[in-house]
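Commentary on secondary and tertiary structure
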Amino acid sequence: MSSLNVLRGMNLVLSAIAGTVSVLALMTWTYPYLDAERTSQLAAFTGATVGGVTGVLAIAHLILVFRLGRGRGRSLQTLVALCLILTFPIGTFYAAYALYVCWANPETRRHLGGTEPRPFVRPTLART
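The notes below deal with the structure included here. (Residues numbered from 1 in each chain as written. Predicted model: local features only at pLDDT ≥ 70, side-chain atom pairs only at ≥ 80, totals over all residues. Heavy atoms only, no water.)

1. Description of the nonpolar core
In this structure, Leu 7, Leu 68, Val 80, Tyr 94 and Ala 98 are the most contacted members of the largest nonpolar core, which totals 16 residues. Among the elements that take part in this core, helix H4 (residues 90-104) stands out by supplying five residues, more than any other. The residues contacting Val 80, other than those within four sequence positions of it, are Leu 57, Ala 60, His 61, Leu 64 and Tyr 94. (Core = buried A, V, L, I, M, F, W, Y, C linked by side-chain atoms within 4.5 Å. Buried < 20%, exposed > 50% of the residue type's maximum accessible area, 1.4 Å probe, protein only. Helix = DSSP H or I, 4+ residues; strand = E, 2+ residues; numbered from the N terminus. Contact = heavy atoms within 4.5 Å.)

Printed below as a string of structure tokens:
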């Protein structure tokens, strides 16, 4: 399960990076628009768009940290990986590794696919 833990760690780091970029974009471009003399509407719109998109991406990465540990989140992980595959070089490396872990690694395929064997639980008989 080490490759799945590495992927969860990568998601946590990318969540922190995307959250920081989101806050910085909002503070740099959108917040000064409250003072109309300092910036233009285009800069405010750009800051809000960049901040919103990276904020959603940060939340998606954070959700993946928790869902992958429970054996869920393969489809969301695939969607996030495909969205980041063109952001060379870090996003491409991350996307290739995430797709490998979710779809090609046999150990994590069992864990994420729900075909992992369940632990044996001794049935109990109801006493009357």
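2. Focus: the side chain of Asn 11
With respect to the helices, strands and loops of the structure, Asn 11 is situated in helix H1 (residues 2-30). On the basis of relative accessible area, Asn 11 is assigned to the buried category, the value being 0%. When sequence neighbours within four positions are dropped, the list of residues in contact with Asn 11 reads His 61, Leu 64, Val 65, Leu 68, Gln 77 and Tyr 94.

3. Considerations on a nonpolar patch on the surface
A cluster of nonpolar side chains, contributed by Leu 12, Leu 62 and Phe 66, occupies part of the molecular surface with about 290 Å² of accessible area. Relative to the assigned elements, Leu 62 resides in helix H2 (residues 41-69). (Patch = residues over 30% accessible without salt bridge, like charges linked within 9 Å, V, L, I, M, F, W, Y side chains within 5 Å. Areas by Shrake-Rupley, 256 points an atom, 1.4 Å probe, with all protein chains shown as cover. Salt bridge = Lys/Arg side-chain N within 4 Å of Asp/Glu carboxyl O.)

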